[in-house]
Protein chains: 2
Amino acid sequence: MELLSETKMMPGQVLARGVCRHLASHGFAVIEEFVPDRGLRVDVMALGPKGELWVVECKSSRADFTSDAKWQGYLDWCDRYFWAVDAAFPTELLPDGTGLILADGYDAEILRMAPEDKLAAPRRAKLTRKFAAHAARRLQALRDPEAGLSGWG
Amino acid sequence: MELLSETKMMPGQVLARGVCRHLASHGFAVIEEFVPDRGLRVDVMALGPKGELWVVECKSSRADFTSDAKWQGYLDWCDRYFWAVDAAFPTELLPDGTGLILADGYDAEILRMAPEDKLAAPRRAKLTRKFAAHAARRLQALRDPEAGLSGWG
């Protein structure tokens, strides 16, 4: 895993950085490219001060959105689900019943709060543990590159 | 927070690095200098594949051990409690009922498994969430230094 450098970032990753900064400023802990379950990978998973789990998918263009056949599968892995898009995105494409975040590479703003659909307690516990392991392994791989963990998480 | 560089590390941090490498090789996610509760700071907190939480305190010398008046307070914040020491440490000083890990800066080995005293479920959930937030915030601060999070966690 590499440190973030805007010149190498994909458009969706630029949005994710702004989303993460904004959520962090509200007391959320955030990780990117989290795998809640086999075959699924969400752009941003955020853990709130009360243990709430939010998923944010970042879409940089109409094509990026319309080619995503998996997003409904993410709804079962969070308490609230959001899209993050930039100011040029045609937001009328986005389905009802989801949250909306306006983002750029530097910050973001929640335009529409997502409805809450609370995780069951066992899944919340498992997801939180997975979040913890993912973040700690990536952190260790960065802090101690010689540990040979770079393939993890 | 800085990346690990042995020349700047304290003796206890060198041991912690070896401990973390060893535990990671057994599927644990690890963080250093974790604060389970106000006024407490453990050297290594490890989260196991089944959600188990282990605390490892690293002692580089007799003086380092005898000056620690807080360790018994850590017992309430883990399922198992270990000391990590180097080969020169007088292990007869260490109290019964604790685990023992022999470590250097590169690896470690569990010499004596710590007895298990399982956390109650609510405390486990809270600690796991805190572990997750700590790791994610440190990771974000490293990956995105301009986010201004370096004071966190």
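I will try to describe carefully the structure that is included in this document. Source: prediction; values computed, not measured.

## Let's talk about a positive patch on the surface
- A grouping of R38, R123, K126 and K130 of chain A is seen on the molecular surface, where their side chains present a positively charged patch.
- Counting through the fold element by element, R38 of chain A comes out in the loop between β1 (29-34) and β2 (42-47).

## Comments concerning the relation of the copies chain A and chain B
- Expressed as a screw operation, the relation of chain A to chain B combines 0.0 Å of axial shift with a rotation of 180°, fitting to an RMSD of 0.0 Å. This pairing of chains is accounted for by a two-fold axis. The position closest to the rotation axis in chain A is occupied by the C-alpha of A132 of chain A, lying 1.9 Å away.
- Most of the interface of chain A is mirrored in chain B, where 100% of its interface residues again form contacts.

## Focus: the sheet that holds strand β4 (residues 80-85) of chain A
Residue and element names in this part refer to chain A.
- The six strands are arranged β1-β2-β3-β4-β5-β6 in an open sheet whose pairing can be described as mixed. Strands with a single pairing partner mark the edges of an open sheet, and in this sheet they are β1 and β6 (108-112). Put simply, the sheet's adjacent strands are angled 30° from each other on average, direction ignored.
- Sheet topology note: the strand β5 (residues 99-103)/β6 ladder contains four bridges and is antiparallel. Considered in β6, the bridge of A103 is made with A108.
- Across the sheet, helix α1 (residues 11-25) is in contact with β1, β2, β3 (53-59), β4, β5 and β6; its angle to β3 comes to roughly 145°.

## A word on unusual backbone geometry
- Of note in the backbone geometry, E33 of chain A takes a positive phi value of approximately 50° without being a glycine.
- With relative accessibility at 30%, the residue E33 of chain A sits in the partly exposed group.

## Observations regarding the interface of chain A and chain B
- With 35 residues of chain A at the contact, the number on the chain B side is 35 residues.
- With both chains or domains summed, chain A and chain B bury close to 2,900 Å², and 62% of this area falls on carbon and sulfur atoms.
- R21 of chain A is paired through a salt bridge with D144 of chain B; the nearest N and O atoms lie 2.8 Å apart.
- The interface formed by chain A and chain B contains six residue pairs in polar contact (both at pLDDT 80 or more).
- Every element with two or more residues in the side of chain A that touches chain B is listed here: α1, β1 and α4 (121-143) of chain A.

## Remarks on the environment of W77 of chain A
Residue and element names in this part refer to chain A.
- Within the element layout of this structure, W77 appears in the loop between α3 (71-74) and β4.
- Along the backbone, W77 and E146 are 69 residues apart, and their C-alpha atoms lie at a distance of 33 Å.
- What W77 contacts, discounting residues up to four positions off in sequence, is P36, D37, L40, M45, V55, L119, R123 and L127.

## Thoughts on the pattern of salt bridges
Residue and element names in this part refer to chain A.
- Applying the stated rule across the entire model yields twelve salt bridges over all chains.
- K59 serves as the salt-bridge partner of D68, at 2.9 Å between the closest nitrogen and oxygen. For the pair D68 and K59, one class covers both residues: buried.
- R80 is paired through a salt bridge with E116; the nearest N and O atoms lie 4.0 Å apart. Taken together, the residues R80 in strand β4 and E116 in the loop between β6 and α4 connect sequence positions 36 residues apart.
- Relative accessible area serves as the criterion here: at 44%, E116 is assigned to the partly exposed category.

## Points about the sheet that holds strand β2 (residues 42-47) of chain B
All names here are of chain B.
- On the basis of which strands lie adjacent, the open sheet formed by six strands has the order β1-β2-β3-β4-β5-β6 and mixed pairing. At either margin of the open sheet sits one strand with a lone partner, and together these are β1 (29-34) and β6 (108-112). Between one strand axis and the next, the sheet turns through 30° on average, direction left out of account.
- Relative to the sheet, helix α4 (residues 121-143) contacts β1, β2 and β3 (53-59), its axis offset from that of β1 by approximately 85°.

## Overview of the packing of α4 of chain A against α4 of chain B
- Close contact between α4 of chain A and α4 of chain B brings their axes to 8 Å; oriented N to C, the two are set at 35°. When the axes of α4 of chain A and α4 of chain B are compared, the crossing they make is left-handed. Across the interface between the two elements, T128, R129, F131, A132, A135, A136, R138, L139, L142 and R143 of chain A from α4 of chain A touch T128, R129, F131, A132, A135, A136, R138, L139, L142 and R143 of chain B from α4 of chain B.
- Of the residues belonging to the contact of α4 of chain A with α4 of chain B, the class tally is twelve nonpolar, two polar and six charged.

Cut-offs used in this document
- Residues numbered from 1 in each chain as written.
- Chains lettered and ligands numbered in written order.
- Predicted model: local features only at pLDDT ≥ 70, side-chain atom pairs only at ≥ 80, totals over all residues.
- Heavy atoms only, no water.
- Patch = residues over 30% accessible without salt bridge, like charges linked within 9 Å, V, L, I, M, F, W, Y side chains within 5 Å.
- Areas by Shrake-Rupley, 256 points an atom, 1.4 Å probe, with all protein chains shown as cover.
- Salt bridge = Lys/Arg side-chain N within 4 Å of Asp/Glu carboxyl O.
- Lys, Arg positive; Asp, Glu negative; His and termini not counted.
- Charge placed at Lys NZ, Arg CZ, Asp CG, Glu CD.
- Helix = DSSP H or I, 4+ residues; strand = E, 2+ residues; numbered from the N terminus.
- Least-squares fit on C-alpha atoms with pLDDT ≥ 70 in both.
- Contact = heavy atoms within 4.5 Å.
- Pairing = 2+ DSSP bridges.
- Axes fitted to C-alpha atoms, helices over the stretch in contact; angles between N-to-C directions.
- Buried < 20%, exposed > 50% of the residue type's maximum accessible area, 1.4 Å probe, protein only.
- Buried area = accessible area lost by both parts, 1.4 Å probe.
- Polar contact = N/O pair within 3.5 Å; in protein donor to acceptor, adjacent residues only side chain to side chain.
- Left-handed = near helix turned anticlockwise from the far one by under 90°.
- Nonpolar A, V, L, I, M, F, W, Y, C, P; charged D, E, K, R; others polar.

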